[in-house]
Amino acid sequence: MSSDVYVVGVDMIKFGRFPERSVPDLGAEAALMALDDAGLTIKDMQALYCGNLYQANAMVGQRILQQIGQTGIPVVNCANACATGATAFREAWMAVKAEVYDVVLAVGVEQMGKGLLGGGGGGSGIPKEGLLGGGTMPTVFAEAGMEHARKYGTTFEQFAKVSVKNHHHSTLNPKAMYQIETPLPEVMNAEMISYPNTKLMCSVNVDGSAAAVLCSERKVRELGLMKRAVKVRASVLTSDPWQERDLVMPDVNTCTRMAAQEAYERAGVGPEDIDLVELHDCFATAEILHYENLRLCGEGEAGRFIDEGQPALGGKTPVNVSGGLLSKGHPLGATGIANIYEVATHLRGEAGKRQVKDARIGLTHVIGLGSACGIHILEKSG
Amino acid sequence: MSDGNARPLPAVDYLKIPEDGEPYLEGSKCGACGAVYLGSRQVCSRCAARDQMESIRLADTGTLYTYAIVHRSFPGVDVPFVSAVVDLDGGGTVKGNLMDIEPDPDKIQFGMPVQVVFRDALGRKDKEGNSYLSYFFVPRG
Ligand SMILES: [Zn+2]
């Protein structure tokens, strides 16, 4: 039985738009913040796992080291759509779990443009968007949401309430892109992008970075870092298994359900033990699906779950108290480590005004369309 | 070069335009497990069987499984339009525009029967000026 792996340092920059900065520059900032949080330096790191999507072929990890210290350590650059950051973190976790290294660094970073993601279709001939239906991300997740509406009668208003909640949460998070309340009428009357997702129900494209220092149990004790350390109870990655419609309708549900099942089993906990969740609310419709996929409520109960305020701060299982992708922002490659920062901060009792009271166990979830699902379960240790 | 009398090209490779006869959507059916796919392929991603794929003609009728009403898209794309996921009768799921219906959630019913129709690709032409034939859905019955 290999020993446990701990997060001993973790941080993120305030998400925003930084067109004048470079990707390695943004990544280096978070890396240094995480190292400072652990009280360690780059010279203590034995490997770097770097997640970035849009410059996946451009050695971002090495370019970060060129800014903060070229110590010659192995660097792995990974890309896995919106699960990129979680994948980098998991690669780091595996290396320590396998006892190859004692202390490693994981960084997730992204610089985004504005505008719609997805669609296009590519290939020869003529453009396909709007000819063979829609392929933009808001459309894909609108269709997934409407599948839930078809099954359970979920309403536009219930989807919209997710966005009201997450925007409210973000007013308590100084690192979120926005800190603005968006009441229900404002969300529902915002520009319709792809029904039932209005503009305020779509995640915000921002630049950002986050980083974590992972450490073996032996090394945590040796360094005297157990007090603020956060234990990784489970790290799971899945891809989408075959589903009847998945070639025209990407399936974000099954891979999440598989990952949740495995994560709960590996951690030896159930959804009732989870004190907070940061899940992949790339669109308001998606969050509704994941309440059930992660078993935070029963099948078909997601609409009622949001109506009753159970995923709100102070509710049964607070979801996306950071503001989520909807308001904190969604820098693709950074998202999977930023949500680990959020949960770890609560487990350490350092989340300030948005602190989930007495949080002991938290769960992070991301989905990369295409598809990849990453789930981590973290536990307070100090 | 553009030729006024030239036959349109198929917008996607699974749309077949026979020399004589009506256009249709082509699919593949796995002889081992029965899974149905759009277009042709060698291996079944459901059961991993190899060389069991049989080419089939997909039905031109089906039912609406799910949809989105797209109000914002890329520059040059006419909005709003209904992006529809349709389960074809006899197997296969296809995505396309649902036409001849108001883009209003009150007017669109899950499970409604639809007909697959073949029409010009909304006037879109390639760099050589060629016209294309595409498929669309319209309400049936
Ligand atoms: Zn098969």
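Residues numbered from 1 in each chain as written. Chains lettered and ligands numbered in written order. Predicted model: local features only at pLDDT ≥ 70, side-chain atom pairs only at ≥ 80, totals over all residues. Heavy atoms only, no water.

Novice: So what exactly am I meant to see when it comes to the overall build of chain B here?
Specialist: Helix and strand content of chain B: zero helices and 10 strands. Listing the helices and strands of chain B from first to last along the sequence gives β-β-β-β-β-β-β-β-β-β. In terms of principal-axis extent, the alpha carbons of chain B reach across some 45 × 45 × 30 Å. Across the 141 residues in chain B, those meeting the buried criterion constitute 44%. Taking the contacts inside chain B whose residues are at least 6 apart along the sequence as the reference set, 46% of them involve residues at least 24 apart. Of the accessible surface of chain B, which amounts to about 7200 Å², a share of 46% is contributed by carbon and sulfur atoms. On chain B, the mean spot of the 15 positive side-chain charges and the mean spot of the 19 negative ones are 5 Å from each other. (Helix = DSSP H or I, 4+ residues; strand = E, 2+ residues; numbered from the N terminus. Buried < 20%, exposed > 50% of the residue type's maximum accessible area, 1.4 Å probe, protein only. Contact = heavy atoms within 4.5 Å. Areas by Shrake-Rupley, 256 points an atom, 1.4 Å probe, with all protein chains shown as cover. Lys, Arg positive; Asp, Glu negative; His and termini not counted. Charge placed at Lys NZ, Arg CZ, Asp CG, Glu CD.)

Novice: In this structure, what is going on with the pattern of salt bridges? I would like to understand it.
Specialist: Two side chains bearing opposite charge may form a pair once their charged atoms approach each other closely. A full pass over the atoms with the stated rule returns 30 salt bridges over all chains. Linking Glu143(A) and Lys95(B) is a salt bridge whose minimum nitrogen-to-oxygen distance equals 2.7 Å. Here Lys95(B) lies in strand β8 (residues 93-98) and Glu143(A) lies in helix α4 (residues 137-152), a pairing that spans two chains. Lys95(B) shares its class with Glu143(A); the two are buried. Residue Lys328(A) pairs with Glu278(A) through a salt bridge whose shortest N-O separation is 3.9 Å. One end of the pair, Lys328(A), is in the loop between α11 (324-327) and α12 (332-347); the other, Glu278(A), is in strand β9 (residues 276-278), with 50 residues separating them in the sequence. Taken individually, Lys328(A) and Glu278(A) each receive the classification buried, so the pair is uniform in this respect. (Salt bridge = Lys/Arg side-chain N within 4 Å of Asp/Glu carboxyl O.)

Novice: I keep staring at the domain arrangement of chain B and nothing clicks. Help me out?
Specialist: Accessible area lost when the parts come together is the quantity often used to give the size of an interface. Residue and element names in this part refer to chain B. For chain B, the domain assignment lists domain 1 (12-58) and domain 2 (59-141). Centre-to-centre separation of domain 1 and domain 2, based on C-alpha positions: 21 Å. Tallying the contact residues gives 11 residues for domain 1 and 12 residues for domain 2. At the boundary of domain 1 with domain 2, total buried surface from both sides reaches about 870 Å², with 76% on carbon and sulfur atoms. When the area that domain 1 buries against domain 2 is broken down by residue, the three leading residues are Leu 15, Leu 25 and Leu 58, summing to 50%. (Domains from an automatic or database assignment. Buried area = accessible area lost by both parts, 1.4 Å probe.)

Novice: What is the right way to read the interface of chain B and chain A from this model?
Specialist: Counting residues at the interface gives 42 residues for chain B, matched by 35 residues for chain A. The contact between chain B and chain A buries some 3300 Å² in all, and 63% of this surface belongs to carbon and sulfur atoms. Contact with chain A buries area across many residues of chain B, yet Tyr65(B), Arg72(B) and Lys95(B) alone supply 23% of it, more than any other trio. Here chain B and chain A share three salt bridges between them. Element by element, the count of residues in the side of chain B that touches chain A is highest for strand β6 (residues 61-70) of chain B, at seven residues. Taken together, the residues of the side of chain B that touches chain A break down into 24 nonpolar, 10 polar and eight charged. As paired strands, strand β5 (residues 192-195) of chain A and β6(B) are joined by two bridges and run antiparallel to one another. In the strand pairing of β6(B), Ser194(A) is matched with Val70(B). (Nonpolar A, V, L, I, M, F, W, Y, C, P; charged D, E, K, R; others polar. Pairing = 2+ DSSP bridges.)

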